[in-house]
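Spelled out, the chains give:
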Amino acid sequence: MTGSPSTVSRAVRVALALALLVVGTGCLGAGPGASATATETPTATPTATANTDCPPALTVTEIDADQVDPSSAVAYENLTAEQQATFDRARNGTAVEGFDYAWRDIDRVEYAGRYYNTGILVC
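Residues numbered from 1 in each chain as written. Predicted model: local features only at pLDDT ≥ 70, side-chain atom pairs only at ≥ 80, totals over all residues. Heavy atoms only, no water.

## Topic: the overall build of the chain
Phase 1: Along its length, the chain carries 2 helices and 5 strands.
Phase 2: Going residue by residue from the N terminus, the α and β elements of the chain occur as α-β-β-α-β-β-β.
Phase 3: Residue burial in the chain is summarised as follows: out of 123 residues, 17% are buried. (Helix = DSSP H or I, 4+ residues; strand = E, 2+ residues; numbered from the N terminus. Buried < 20%, exposed > 50% of the residue type's maximum accessible area, 1.4 Å probe, protein only.)

In structure tokens, the structure reads:
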């Protein structure tokens, strides 16, 4: 190049500015084929269906007899065989999944002179 130093540095600055402009617009999505004024419509993000990863679980916790109205508790003997088996598993500290729908109406159980709260955990 035979130009003066100020002409060379100006040409370099213009070239750098153009290069940055091209790179910048490509990153901003306003490159070829894109409209600078167009805005993208966001697409809906799929949401997880409730309780798919964490199904409801039945839990059983012993409570003090003086906190219970005895008439509010269901006697263990009045539970079906399947409900008794579910109660036994939950009473041993295991949250039980796949239980009978009737547990939604049973809040307390009396078993061997002791009272237990039953609850359904949903996360």
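## Topic: the sheet that holds strand S3 (residues 96–97)
Phase 1: Within the open sheet, the 5 strands sit side by side as S2-S4-S5-S1-S3. Their pairing is mixed. Both outer strands of the open sheet, strand S2 (74–75) and S3, are each paired with one neighbouring strand and no more.
Phase 2: Sheet analysis places S2 next to strand S4 (residues 108–111), joined by 2 bridges and oriented parallel. Residue alanine 75 lies in a different strand from S4, and its bridge partner there is glutamate 110.
Phase 3: Those strands touched by helix H2 (residues 81–91) are strand S1 (57–63), S3, S4 and strand S5 (114–121), and its axis lies near 70° from that of S1. (Pairing = 2+ DSSP bridges. Contact = heavy atoms within 4.5 Å. Axes fitted to C-alpha atoms, helices over the stretch in contact; angles between N-to-C directions.)

## Details of the pairing of S1
Both faces of the sheet carry side chains from a regular strand, because those side chains alternate between them.
Phase 1: Where S1 and S3 come together, 2 bridges link them in antiparallel fashion. Residue pairing for S3: leucine 58 is matched across the bridge by valine 96.
Phase 2: When S1 meets S5, the two strands line up antiparallel, connected through 7 bridges. Note that in S5 the partner of leucine 58 across the bridge is isoleucine 120.

## Observations regarding the side chain of threonine 118
Phase 1: Position of threonine 118 among the secondary structure elements: in strand S5.
Phase 2: Under the relative-accessibility criterion, threonine 118 is labelled buried at 12%.
Phase 3: Within the structure, the side chain of threonine 118 is placed 2.4 Å from the backbone oxygen of isoleucine 106, a separation counted as a polar contact.
Phase 4: Excluding residues within four positions of it along the chain, threonine 118 makes contact with Leu58, Thr59, Val60, Trp103, Ile106, Asp107, Arg108 and Val109. (Polar contact = N/O pair within 3.5 Å; in protein donor to acceptor, adjacent residues only side chain to side chain.)

## Observations regarding H2
Phase 1: Of all the positions in H2, only Gln83, Thr86, Phe87 and Ala90 are classed as buried. Buried residues in H2, looked at end-on, bunch into an arc of 100°, giving them a common side.
Phase 2: Elements in contact with the buried residues of H2: S1, S3, S4 and S5. (Arc of directions from axis to C-beta.)

## Considering the nonpolar core
Phase 1: Listed in full, the 12 residues of the largest apolar core are Leu58, Val60, Tyr76, Leu79, Phe87, Ala90, Val96, Phe99, Trp103, Ile106, Val109 and Tyr116.
Phase 2: Elements with a minimum of two residues in this core: S1 and H2.
Phase 3: Aside from chain neighbours lying at most four places away, what touches phenylalanine 99 is Pro56, Ala57, Leu58, Thr86, Arg104 and Ile120. (Core = buried A, V, L, I, M, F, W, Y, C linked by side-chain atoms within 4.5 Å.)

## Observations concerning the pattern of salt bridges
Between side chains of opposite charge, pairing is possible as soon as their charged atoms come close.
Phase 1: In this structure the tally under the stated criterion is 2 salt bridges.
Phase 2: Put simply, aspartate 88 and arginine 91 hold a salt bridge, and the shortest N to O gap is 3.7 Å. With aspartate 88 and arginine 91 both in helix H2, this residue pair falls 3 residues apart, about one helical turn.
Phase 3: Looking at arginine 91, the relative accessible area reads 28%, which means it is partly exposed. (Salt bridge = Lys/Arg side-chain N within 4 Å of Asp/Glu carboxyl O.)

The values are spatial; any link to function lies outside them.
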